[in-house]
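Geometric and topological summary
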Amino acid sequence: MTSLALNNEDLRELYRELILDHARSPRHFGKLPDATHSAEGINPLCGDKLRMYFRIDSDNRISDACFEGSGCAISVASASLLMDTVIGLNTDDALKYFSAFVGRLTGRQDSENDDTDAGINLGKLSALEGVKEFPSRVKCATLAWHALISAIRHDVQPATTE
Ligand code: ZN
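Not measured: the values here are computed from a predicted model.

Turning our eyes to something else, we now look at the overall build of the chain. When helices and strands are tallied, the chain shows four helices and three strands. When its helices and strands are written in sequence order, the chain yields α-β-β-β-α-α-α. For the chain, buried positions account for 42% of its 162 residues. On the chain, roughly 8900 Å² of surface is accessible, and the fraction owed to carbon and sulfur atoms is 51%.

Here we take up the environment of Cys66. For Cys66, the position within the fold is in strand 3 (residues 62-70). Using a relative accessible area of 11% as the deciding quantity, one classes Cys66 as buried. Note: C-alpha distance between Cys66 and Asp84 (18 residues apart in sequence) is 10.0 Å. If we skip the residues at most four places from it in the chain, Cys66 touches His28, Gly30, Lys31, Leu32, Arg51, Met52, Tyr53 and Met83.

With five of seven residues buried, strand 1 (residues 37-43) lies mostly within the body of the structure. Note: strand 1 against strand 2 (residues 48-56), seven bridges, orientation antiparallel. Bridge pairing in strand 2 links Ile42 to Lys49. Counting the residues in the hairpin turn of strand 1 and strand 2 gives four residues, including Gly47, whose phi is positive at 95°.

Turning next to the side chain of Ser38. On the secondary structure map, Ser38 appears in strand 1. With a relative accessible area of 14%, Ser38 lands in the buried category.

A separate point is the sheet that holds strand 2. Taken in spatial order, the three strands line up as 1-2-3 in an open sheet, and their pairing is antiparallel. Of all the strands in the sheet, just strand 1 and strand 3 have a single pairing partner and so form its edges. Put simply, the sheet's adjacent strands are angled 15° from each other on average, direction ignored.

Before going further, it helps to examine a nonpolar patch on the surface. A surface patch of nonpolar side chains, about 250 Å² in accessible area, is lined by Leu6, Leu11 and Leu14. Secondary-structure assignment places Leu11 in helix 1 (residues 8-24). Classification of Leu11 as partly exposed rests on a relative accessible area of 31%.

This next bit is on the pairing of strand 3. When strand 2 meets strand 3, the two strands line up antiparallel, connected through eight bridges. Directly across from Leu50, in strand 3, lies its bridge partner Gly69. Linkage of strand 2 to strand 3, two consecutive antiparallel strands, is achieved through a turn of five residues, within which Asn60 is found at a positive phi near 70°.

All right, on to the packing of aromatic side chains then. Evaluated as defined, the whole model comprises two aromatic pairs. Judged by centre distance (5.1 Å) and plane angle (90°), the ring pair of Phe29 and Phe67 falls under edge-to-face. Linking Phe29 in the loop between helix 1 and strand 1 with Phe67 in strand 3, this pair joins segments that are 38 residues apart in sequence. When the centroid spacing of 5.4 Å and the interplanar angle of 35° are considered together, the rings of Phe101 and Trp145 count as tilted.

For the rest of this paragraph, the subject is helix 1. Spanning 17 residues, helix 1 covers 24 Å between terminal C-alpha atoms, matching the ideal 24 Å at 1.5 Å per step. Looking at where helix 1 begins, the residue whose side-chain oxygen comes 2.9 Å from the main-chain nitrogen of Glu9 is Asn7.

Cut-offs applied
- Residues numbered from 1 in each chain as written.
- Predicted model: local features only at pLDDT ≥ 70, side-chain atom pairs only at ≥ 80, totals over all residues.
- Heavy atoms only, no water.
- Helix = DSSP H or I, 4+ residues; strand = E, 2+ residues; numbered from the N terminus.
- Buried < 20%, exposed > 50% of the residue type's maximum accessible area, 1.4 Å probe, protein only.
- Areas by Shrake-Rupley, 256 points an atom, 1.4 Å probe, with all protein chains shown as cover.
- Contact = heavy atoms within 4.5 Å.
- Pairing = 2+ DSSP bridges.
- Axes fitted to C-alpha atoms, helices over the stretch in contact; angles between N-to-C directions.
- Patch = residues over 30% accessible without salt bridge, like charges linked within 9 Å, V, L, I, M, F, W, Y side chains within 5 Å.
- Salt bridge = Lys/Arg side-chain N within 4 Å of Asp/Glu carboxyl O.
- Phe/Tyr/Trp six-rings, centres within 6.5 Å; stacked < 30°, edge-to-face > 60°.
- Expected span 1.5 Å × (residues − 1).
- Polar contact = N/O pair within 3.5 Å; in protein donor to acceptor, adjacent residues only side chain to side chain.

Written out as structure tokens, the structure is:
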């Protein structure tokens, strides 16, 4: 009998393909004309430079987001996966994903420590977890997330519905 369960090698291959797919065809790439929040993320060590745009409604929900710029495969894939993750979330939940994701990559939260305790299932973001073995790449993978936080905290213009 063969098992349908994925072994670690299969999983790594799937994750690698997911990252390459997002790096080659980033989702939500471009400008967001009616963005309410924006921030730039720069990682000089690698040369990653991304600008992130968010439209945050008066109820603190991230209703749309886009990013542009250039960077390595990891930074672009991470920004693309971030977009898929946070669009539709309120900013509090986006911050929870930030903590869970960055915590996981920087080792502040180990894999044994189930992230569901914070109500967060990293889902596709887990594809980037492999970079934690490479500290210089952790900066690439978390760049977009740090830009998200500075965008949320430093308004370019106030979010209003009227
Ligand atoms: Zn990079």
